Amino acid sequence: MSYYFAIVGTKDNPLFEHEFGTFRQGGDGIARFRDDARHMNQFVVHSSLDMVEELQWTTGQMYLKNIDRFHTSYISAFLTPTNIKFLLLTCPDPTSSTLLPTPVPTPSSTASTASLSRSTTASSITNTTAAAGSGSAYATSYNPTAPATEDAIKNFFMDVFDAFVKTSMSPFYALDRPITSPIFRARVAASAKKYL
Amino acid sequence: MSTPGLRYPSNRKSIYDRHLSRSKGAELSRASFAYLFVEMIGYAQRRVTGIADLEKRLNAQGYPIGLRLLDLLLYRTASSSSSSSSSLSASGPRPTRILPLLQFITTTLWRHLFGRPADALERSAASAQEYMVTDNEPLVNSYVSVPREMSSLNCAAFVAGIIEGVCDGAGFATQEVTAHWAGGQAEGTGGGGEGGAAAENMWPGRTIFLIRFKEEVVEREDMLEKAGR
């Protein structure tokens, strides 16, 4: 299981990023995102900001739980009172290629008889299901809405929020500025080790 | 772990080692605050062009405090609500509507800053965008005596800045938050005969904080109202 954590400011500007792996089930805490898929994390997390904004005014809760899914990646969100977003991407099986967009089979010929187009859609469906199925047993066993998972992520977020409030109390930190403190990063890593 | 560019205090404790709820009930000496506030006014008064400019500067000094207090106070309600459920935590600690936000300001924020809730909260009859918070005798003004030629100056503009910071931080953008003497400007110029109302005679320092939200905030409020949330 690999995680990508990002703090996004009120103007959708990134403030902080951190990647880590699980320590549960004998994990060593190292993120195993593939190099060619790593940049996708930023896109996926960024695209889930729309979901956060949809929920922002409908609930007063800070922890928004699992809000979005992209292939085998799940995104959980947390909103601080000052509307800073904490986003955590959970990828149960980062080594699979499903994080990359599945290549949509292009119709080989431009001849568009009704039967042919139907057969291409059918084949594309089987392709995607096959890709999702290949995501190993990890992906299928991971349940983002299980109470234990939700609580673990909530505790992680609350811990980071604690460190974030301390950061924001500093007179040398202004809202929406990137967080550069190495101690903050260490705190995030410690919370990750403790809860995820 | 010595990191270049980062200096540790001699006891090796950074701000991250301090507990956020420990200073919850701590009170500051009023004399030391009064001294600090005098210096702040003196600082703000340098090179200002007029009273409006001075109030703007006091407002700007309060603004970052509001942003920080919003996070801090809601952090405390959130961390304490797990054991005891407060009225705020019923729908979550973040205020998403104007009324809960203003209630947060007049009760939680006011109690934290001044040790008591604000004296009144009213909605302006003239405009849906305007709300008024009244304080009968603002703590910040208790040792301030405004000179006659600056009679319209209200140093509670500093508190107005704090309110503005809270509103803006919570996503309720304001046009401006200003502090006004309740009796108008009559007191300084002509002996305060126009004030009239009994409350104003009883509380000569009565201050009204006028909060003017931006249009889009009221629009969003209406939309949420219609959606029944």
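- As named in an unreviewed UniProt entry, chain B is Trafficking protein particle complex subunit, taken from Lineolata rhizophorae.
- The Sequence similarities (unreviewed entry) field of the UniProt record for chain B holds the comment "Belongs to the TRAPP small subunits family. BET3 subfamily."
- Database annotation for chain B, UniProt heading Function (unreviewed entry): "Plays a key role in the late stages of endoplasmic reticulum to Golgi traffic."

- As annotated in an unreviewed UniProt entry, chain A is Sedlin from Lineolata rhizophorae.

## A word on the overall build of chain A
1) Next: Helix and strand content of chain A: six helices and five strands.
2) Next: Start at the N end of chain A and walk to the C end: the helices and strands fall as β-β-α-α-β-β-β-α-α-α-α.
3) Next: In chain A, which comprises 196 residues, the share counted as buried stands at 47%.
4) Next: Long-range contacts, defined here as pairs at least 24 residues apart, represent 62% of the contacts in chain A between residues at least 6 apart.
5) Next: Surface summary for chain A: the accessible area is close to 9,500 Å², and the carbon and sulfur share equals 58%.

## Some points on the overall build of chain B
1) Next: Within chain B, the regular secondary structure consists of seven helices and four strands.
2) Next: Written out in order from the N terminus, the α and β elements of chain B read α-α-α-β-β-α-β-α-α-β-α.
3) Next: Each of the 229 residues in chain B was classed as buried or not, and the buried ones make up 39%.
4) Next: Expressed as a percentage of contacts within chain B between residues at least 6 apart in sequence, the contacts between residues at least 24 apart total 70%.
5) Next: Total accessible area on chain B stands at roughly 12,800 Å², and carbon and sulfur atoms take up 52% of it.

## Notes on the confidence of the model for chain B
Residue and element names in this part refer to chain B.
1) Next: Per-residue confidence for chain B gives a mean pLDDT of 83, with 84% of residues at or over 70.
2) Next: Under a pLDDT of 50 for its full length, residues 185–196 has, in the predicted model, eleven contacts with residues more than four places off or in other chains.
3) Next: The complex prediction reports pTM at 0.80, with the ipTM value standing at 0.81.

## Side note on the packing of helix H5 (residues 147–169) of chain A against helix H6 (residues 182–195) of chain A
All names here are of chain A.
1) Next: Their axes nearest at 9 Å, the elements H5 and H6 cross at an angle of 165 degrees. By the criterion of interaxial angle, the relationship of H5 to H6 is roughly antiparallel. In the packing of H5 onto H6, the handedness of the crossing is right-handed. Touching Ala152, Asn155, Phe156, Asp159, Val160, Ala163, Phe164, Lys166 and Thr167 of H5 are Phe184, Arg187, Val188, Ser191, Ala192 and Tyr195, all from H6.
2) Next: Along the lines of polarity and charge, the residues of the contact of H5 with H6 split into nine nonpolar, three polar and three charged.

## What to know about the interface of chain A and chain B
1) Next: Contacts between the two partners involve 31 residues from chain A, matched on the other side by 31 residues from chain B.
2) Next: The interface formed by chain A and chain B includes one salt bridge.
3) Next: Taking the shortest distance from any N to any O, the salt bridge between A:Arg187 and B:Asp17 comes out at 3.1 Å.
4) Next: Between the two partners, chain A and chain B, sit 16 residue pairs in polar contact (both at pLDDT 80 or more).
5) Next: Split into classes, the residues belonging to the side of chain A that touches chain B amount to 16 nonpolar, twelve polar and three charged.

## Regarding the sheet that holds strand S2 (residues 14–21) of chain A
Residues and elements named next belong to chain A.
1) Next: With antiparallel pairing, five strands are arranged side by side in an open sheet as S2-S1-S5-S4-S3. Of all strands in the sheet, those with a lone pairing partner are S2 and strand S3 (63–70), marking the two edges. Along the sheet, successive strands turn relative to each other by an average axial angle of 20 degrees, direction set aside.
2) Next: Pairing of strand S1 (residues 2–8) with strand S5 (residues 85–91) involves seven bridges; the strand directions are antiparallel.

## Looking at unusual backbone geometry
1) Next: A positive phi angle, near 60 degrees, is found at A:Asp12, a position not held by glycine.
2) Next: Looking at A:Asp12, the relative accessible area reads 31%, which means it is partly exposed.

## Comments concerning a negative patch on the surface
Residues and elements named next belong to chain B.
1) Next: Judged by side-chain charge, Glu215, Glu216, Glu219 and Asp222 come together as a negatively charged surface patch.
2) Next: Tracing the chain through its elements places Glu216 in helix H7 (residues 215–226).
3) Next: On the basis of relative accessible area, Glu216 is assigned to the partly exposed category, the value being 46%.

## Describing the sheet that holds strand S2 (residues 130–135) of chain B
Residue and element names in this part refer to chain B.
1) Next: On the basis of which strands lie adjacent, the open sheet formed by four strands has the order S1-S2-S4-S3 and antiparallel pairing. The sheet is open, and its two borders are formed by strand S1 (120–123) and strand S3 (174–181), each paired with just one other strand. Sheet twist, expressed as the mean angle between neighbouring strand axes with direction ignored, is 20 degrees.
2) Next: Here helix H3 (residues 98–114) sits on the sheet and contacts S1, S2 and strand S4 (207–213); the angle it forms with S2, its principal contact strand, is near 20 degrees.

## Quick notes on the packing of H3(B) against helix H4 (residues 157–169) of chain B
Residue and element names in this part refer to chain B.
1) Next: Two numbers describe how H3 lies on H4: the axes approach to 11 Å, and their chain directions differ by 130 degrees. Looking at the two axes, H3 sits oblique to H4. Note on packing geometry: the crossing formed by H3 with H4 is right-handed. From H3, Leu101, Phe104, Ile105, Leu109, Trp110, Leu113 and Phe114 reach across to H4, where they touch Val159, Ile162, Ile163, Val166 and Cys167.
2) Next: Here the contact of H3 with H4 is built from residues that sort into twelve nonpolar, no polar and no charged.

## Description of the side chain of B:Glu55
Residues and elements named next belong to chain B.
1) Next: Summarising the element assignment, Glu55 is placed in helix H2 (residues 51–81).
2) Next: It is Lys56 that comes nearest to the buried, bridge-free Glu55 among opposite-charge side chains, at 11 Å.
3) Next: Those residues in contact with Glu55, other than ones at most four positions away along the chain, are Ser152, Leu153, Asn154, Ala157 and Ala179.

Here is what the cut-offs are and how they apply
Residues numbered from 1 in each chain as written. Chains lettered and ligands numbered in written order. Predicted model: local features only at pLDDT ≥ 70, side-chain atom pairs only at ≥ 80, totals over all residues. Heavy atoms only, no water. UniProt positions renumbered as here; feature names shortened; annotations may be inferred. Helix = DSSP H or I, 4+ residues; strand = E, 2+ residues; numbered from the N terminus. Buried < 20%, exposed > 50% of the residue type's maximum accessible area, 1.4 Å probe, protein only. Contact = heavy atoms within 4.5 Å. Areas by Shrake-Rupley, 256 points an atom, 1.4 Å probe, with all protein chains shown as cover. pLDDT = per-residue confidence, 0-100. Axes fitted to C-alpha atoms, helices over the stretch in contact; angles between N-to-C directions. Parallel < 35°, antiparallel > 145°, perpendicular 65-115°, else oblique. Left-handed = near helix turned anticlockwise from the far one by under 90°. Nonpolar A, V, L, I, M, F, W, Y, C, P; charged D, E, K, R; others polar. Salt bridge = Lys/Arg side-chain N within 4 Å of Asp/Glu carboxyl O. Polar contact = N/O pair within 3.5 Å; in protein donor to acceptor, adjacent residues only side chain to side chain. Pairing = 2+ DSSP bridges. Patch = residues over 30% accessible without salt bridge, like charges linked within 9 Å, V, L, I, M, F, W, Y side chains within 5 Å. Lys, Arg positive; Asp, Glu negative; His and termini not counted. Charge placed at Lys NZ, Arg CZ, Asp CG, Glu CD.

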